[in-house]
Amino acid sequence: VSESHWFYSAVGYVCENKLFSGVSDTQFAPNHPMTRAMLVTVRYRAEGKPEIGKQHLENPFADTDAESWYGAAVYWARGKVYLQTGDGGDFSALR
């Protein structure tokens, strides 16, 4: 992200505080759409990546693997009732 962009300092803040990590090691992509997986991961990180209790370990969504980059965040958010299953029981991470 160029220093001339109006959002430069905001990008610095979210990266320094590990809320966002970008789409790769060298790209941030602020103009790309935010997916459900990205949003729930940011929320989870903002909460300090809390431990996932046993009550949260049941797989809440048929299409979510706990080992995916967003898996822990989805399990945590579902346990906190921030997320509910949609039609067919899927999380639809890329939506």
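As shown above, the structure is provided for reference.
Residues numbered from 1 in each chain as written. Predicted model: local features only at pLDDT ≥ 70, side-chain atom pairs only at ≥ 80, totals over all residues. Heavy atoms only, no water.

Regarding its fold elements, the protein presents 3 helices and 0 strands. Secondary structure elements of the protein occur, N-terminal to C-terminal, as α-α-α. In the protein, which comprises 95 residues, the proportion classed as buried is 28%. Considering only contacts in the protein between residues 6 or more positions apart, those separated by 24 or more positions represent 51%. Entry remark: accessible area of the protein is about 6800 Å², with carbon and sulfur atoms responsible for 50%. (Helix = DSSP H or I, 4+ residues; strand = E, 2+ residues; numbered from the N terminus. Buried < 20%, exposed > 50% of the residue type's maximum accessible area, 1.4 Å probe, protein only. Contact = heavy atoms within 4.5 Å. Areas by Shrake-Rupley, 256 points an atom, 1.4 Å probe, with all protein chains shown as cover.)

Looking now at the pattern of salt bridges. Taken as a whole and judged by the stated rule, the model has 1 salt bridge. Linking E47 and R43 is a salt bridge whose minimum nitrogen-to-oxygen distance equals 2.9 Å. The exposure class of E47 is partly exposed, given its relative accessible area of 40%. Overall, the relative accessible area of 36% leaves R43 in the partly exposed class. (Salt bridge = Lys/Arg side-chain N within 4 Å of Asp/Glu carboxyl O.)

Position of T35 among the secondary structure elements: in the loop between α1 (8–16) and α2 (36–46). Here M38 takes part through its backbone nitrogen, which lies 3.1 Å from a polar atom of the side chain of T35. (Polar contact = N/O pair within 3.5 Å; in protein donor to acceptor, adjacent residues only side chain to side chain.)

In this structure, K18 takes a positive phi of about 55 degrees despite not being glycine. Mapped onto the fold, K18 is located in the loop between α1 and α2. What makes K18 exposed here is its relative accessible area of 61%. Even without being a glycine, K49 presents a positive backbone phi close to 50 degrees. Within the element layout of this structure, K49 appears in the loop between α2 and α3 (71–79). For K49, a relative accessible area of 53% translates into the label exposed.

By themselves, these observations are geometric and do not establish any function.
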